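So the chains spell out like this:
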Amino acid sequence: MSLNVLSVASEAVPLVKTGGLADVVGALPEALAAHGMAMTTMLPGYLAVTATLGKKPKVLHKWESLLGEPARLLAGKIGISSGEGHALLVLDAPGLFAREGGPYGDATGRDWADNWKRFAAFGRAAADVAGGAVKGLSFDLVHAHDWQAGMALAYQRFAPAGPVLPSVITIHNMAFQGHYGADLFPALGLPPQAMAIDGIEYHGGISFLKAGLASASRITTVSPSYAREIREPGFGMGLEGLIRARESEVSGIVNGIDAAVWNPASDPALKAPFTAKALGKRAANARALEAEFGLEKGDGPLFIVISRLTWQKGMDVLLEAADHLVGIGGRLALLGSGDAALESGFHAAAARHPGRIGVRIGYDEALSHRMLAGGDAILVPSRFEPCGLTQLYGLAYGCVPVVSRTGGLADTVIDANLAARLAGVATGVQFDGVRYQTLADALTRTVQLFREPAAWRRLQRAGMSADFSWGNSGKAYADLYKSLTVKP
Ligand code: ADP
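Here is what the cut-offs are and how they apply
- Residues numbered from 1 in each chain as written.
- Predicted model: local features only at pLDDT ≥ 70, side-chain atom pairs only at ≥ 80, totals over all residues.
- Heavy atoms only, no water.
- Helix = DSSP H or I, 4+ residues; strand = E, 2+ residues; numbered from the N terminus.
- Rg over C-alpha atoms; globule rule 2.2 N^0.38 Å.
- Buried < 20%, exposed > 50% of the residue type's maximum accessible area, 1.4 Å probe, protein only.
- Areas by Shrake-Rupley, 256 points an atom, 1.4 Å probe, with all protein chains shown as cover.
- Lys, Arg positive; Asp, Glu negative; His and termini not counted.
- Charge placed at Lys NZ, Arg CZ, Asp CG, Glu CD.
- Domains from an automatic or database assignment.
- Contact = heavy atoms within 4.5 Å.
- Buried area = accessible area lost by both parts, 1.4 Å probe.
- Salt bridge = Lys/Arg side-chain N within 4 Å of Asp/Glu carboxyl O.
- Polar contact = N/O pair within 3.5 Å; in protein donor to acceptor, adjacent residues only side chain to side chain.
- 1 Å grid on protein atoms, 1.4 Å probe; cavity = no way out; pocket = protein on both sides within 12 Å on 5 of 7 lines; lining within 4 Å.
- Points joined across faces, edges and corners; volume = space filled by probe spheres on them.
- Nonpolar A, V, L, I, M, F, W, Y, C, P; charged D, E, K, R; others polar.
- Expected span 1.5 Å × (residues − 1).
- Arc of directions from axis to C-beta.
- Bend = angle between axes of the 7 residues up to and from the residue.

Our focus in this paragraph is the overall build of the chain. Helix and strand counts for the chain stand at 20 helices and 18 strands. For the chain, whose C-alpha radius of gyration is 23 Å, the value lies close to the compact-globule estimate of 23 Å for 488 residues. Taking the principal axes of its C-alpha atoms as reference, the chain extends roughly 65 × 45 × 45 Å. Taken across its 488 residues, the chain has 59% of its residues classed as buried. As displayed, the chain offers around 18700 Å² of accessible surface, 55% of which is attributable to carbon and sulfur atoms. Taking the 45 positively charged and 44 negatively charged side chains of the chain as two groups, their mean positions are separated by 5 Å.

What the domain assignment lists for the chain is domain 1 (4-256 + 471-485) and domain 2 (276-467). For domain 1 versus domain 2, the separation of C-alpha centres amounts to 33 Å. Contacts between domain 1 and domain 2 engage 19 residues on the former and 19 residues on the latter. Counting each side, the surface lost to burial between domain 1 and domain 2 is near 1300 Å², with a carbon and sulfur contribution of 57%. Where domain 1 packs against domain 2, one counts one salt bridge. Taken together, the connections running from domain 1 to domain 2 amount to seven residue pairs in polar contact (both at pLDDT 80 or more). Only α1 (20-33) and α8 (224-229) provide two or more residues apiece to the side of domain 1 that touches domain 2.

What follows covers the side chain of Gln-391. Within the secondary structure layout, Gln-391 lies in helix α15 (residues 390-396). A polar side-chain atom of Gln-391 sits 3.0 Å from the main-chain carbonyl oxygen of Gly-388. Within the structure, Gln-391 has its side chain in polar contact with the side chain of Thr-412 (distance 3.1 Å). In this view, Gln-391 contacts Val-380, Pro-401, Val-403, Gly-408, Leu-409, Thr-412 and Val-413; residues no more than four positions away in its chain are not counted.

Before going further, it helps to examine unusual backbone geometry. With an omega dihedral of 5 degrees, the bond running from Val-13 to Pro-14 counts as a cis peptide bond. In this fold, Pro-14 is placed in the loop between β1 (4-8) and α1. Despite not being glycine, Leu-67 has its phi angle at roughly 50 degrees, a positive value. A positive phi angle, near 60 degrees, is found at Asp-146, a position not held by glycine. On the secondary structure map, Asp-146 appears in helix α5 (residues 146-158).

Of the voids in this model, the second largest pocket is the one considered here, and its volume is about 410 Å³. If you trace the second largest pocket, you find 20 residues lining it, with Arg-282, Asp-376, Phe-450, Trp-456 and Gln-460 closest to the centre. Only α11 (282-293) and α19 (453-465) provide two or more residues apiece to the lining of the second largest pocket. At five residues, α11 tops the list of elements feeding residues into the lining of the second largest pocket. Among the residues making up the lining of the second largest pocket, the classes are represented as seven nonpolar, five polar and eight charged.

In this model, α11 (twelve residues) spans 17 Å end to end at C-alpha, consistent with the 16 Å of a helix rising 1.5 Å per residue. Three or more residues of α11 are buried, namely Arg-282, Asn-285, Ala-286, Leu-289, Glu-290 and Phe-293. In a view along the axis of α11, the buried residues occupy a sector of 140 degrees, so they form one face of it. Where α11 is buried, its residues contact β13 (302-309), β14 (331-338), β15 (357-361), α14 (365-374) and α19. Immediately beyond the C-terminal end of α11, within one or two residues, lies Gly-294, with a positive phi of roughly 65 degrees.

Now for the environment of Glu-343. You can see Glu-343 is positioned in helix α13 (residues 340-352). Along the primary structure Glu-343 and Ile-361 are separated by 18 residues, whereas in three dimensions their C-alpha atoms are 6.9 Å apart. Those residues in contact with Glu-343 that sit more than four places away from it in its chain are Leu-309, Ser-337, Gly-338 and Ile-361. At 2.9 Å, the side chain of Glu-343 forms a polar contact with the backbone nitrogen of Gly-338.

The next subject is helix α12 (residues 315-327). Because the α-helix completes a turn every 3.6 residues, residues three or four places apart line up on one side. Relative to the 18 Å expected for 13 residues at 1.5 Å per residue, α12 spans 18 Å between its end C-alpha atoms, a close match to the ideal helical length. The largest bend in α12 amounts to roughly 45 degrees and is located at Ala-321. Taken together, the buried positions of α12 are occupied by Met-315, Val-317, Leu-318, Leu-319, Ala-321, Ala-322, Leu-325 and Val-326. Looking at the buried residues of α12, the elements they touch are β13, β14, α13, β15, β16 (377-380) and α18 (436-450). Phi turns positive, to about 100 degrees, at Gly-329, one or two residues after α12.

The next subject is the pattern of salt bridges. Pairing is possible between side chains of opposite charge, provided their charged atoms come close. Using the criterion set out here, one finds 22 salt bridges in the structure. For Asp-198, the salt bridge goes to Arg-157, with nearest N and O atoms at 3.6 Å. Here the residue Asp-198 occupies a position in the loop between α6 (185-188) and β9 (201-202), and Arg-157 occupies one in helix α5, the gap between them amounting to 41 residues. Overall, the relative accessible area of 29% leaves Arg-157 in the partly exposed class. What emerges from the salt-bridge pattern is a single network uniting Lys-17, Asp-23 and Glu-365.

Tracing the chain through its elements places Thr-412 in helix α16 (residues 407-412). The exposure class of Thr-412 is buried, given its relative accessible area of 4%. A distance of 2.8 Å separates the side chain of Thr-412 from the backbone oxygen of Gly-408, its partner in a polar contact. Sequence-distant contacts of Thr-412, defined by excluding residues within four places in its chain, comprise Val-254, Gln-391, Leu-392, Leu-395, Thr-427 and Phe-468.

Now the structure itself:
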């Protein structure tokens, strides 16, 4: 059966990315095409997105007033590895999206004050598209991602433009929920019954994520462990009650990685491409990486970090453990940006340990590839991690993941305990609870493993042979869509 799916999201690789959400949304159309499904992606018309549509993009629809703003729906193509690309719809509303800065905030990182309007309008438009308001476009199912697309499902449910389609919402990170004051409700153009406990109301205000979770036919998140964890207050962040109430409709599907982009044998960013059979070639990448970060050669492991520098990612605890990491013979190359205090903290650690710690503040995709190829172990000490992608890249590149046992990290890395090592299935190091001592112990254990070269190579090879391509996950989404659209 061929299904037409409308995927609604605020970012997608290769057009606009702030995190793993974009990787997933960008990869889904190709992953679903393998199952005979056609996915159309709908994005807001940020400058970076409309710029890819050419001088005279095809206009599919016009709104005189979308929450007060004139808007158009433009047609385009999106694709990473596929030649032709997949169908793309862009909501061109210059008053809302055509501005310098990031997708959610200005260049200084401050959220846009009108984000409520930007993503409500985006949701209203997506609901219109799903409801058949645009001639020539018809869909069988809507897949919304995160709070920015949540309102699409609320508009479908409470103010439908046409038939209400089956829907899925995927939570990529429960920490971002889109909360606003109740005073905005009249501006949303929803009927009064939407402002209810089983609607968009949240503790007297409005929550865009809740709007989506309460309205979707099914809820998914990006790993089975995170799907369980968000039933609890520490992870559900206020929405655990809703998740528990809909428990039988919540499931976890681990993200895949795009094997065409993340393949050490053919990665154009690398000094020396390599395979699991020729791990010796990693040495040239390691030397290049040391030179790039001003690090000395050493006989201990070269740890890498590619991360947002935030509390979620446990970067404060890593900073505390930096002296220990160096003390046991490790070196650290860190690429990231985020909290100013963490950025300056890591700069200070690098100054304390010249030649042992190198820090690059910023976002650099090509450098992240070079780090995975030259580093020995990638550190992901997250306090919570819905799925996590960098540990999967680490596995693919023979850069052994050292991770906290939470969410997708728990589901994708097999700890090198004695039993797993004897069975030859271990792929990394896990530790429980993100605190100085647990992380310090994990670092020590990693250094000990590294000093047994044959055991370390087994870890690297087991990781490289693990399959985290989109094959399995694409099938899981395809099965879910089918289960929602097959008529009894
Ligand atoms: P999150 O979405 O919570 O930030 P994920 O691990 O799911 O975490 O995805 C992060 C994505 O962003 C990965 O593709 C990672 O490689 C990339 N990334 C994060 N920080 C940087 C950086 N400073 N430079 C390059 N890529 C980065």
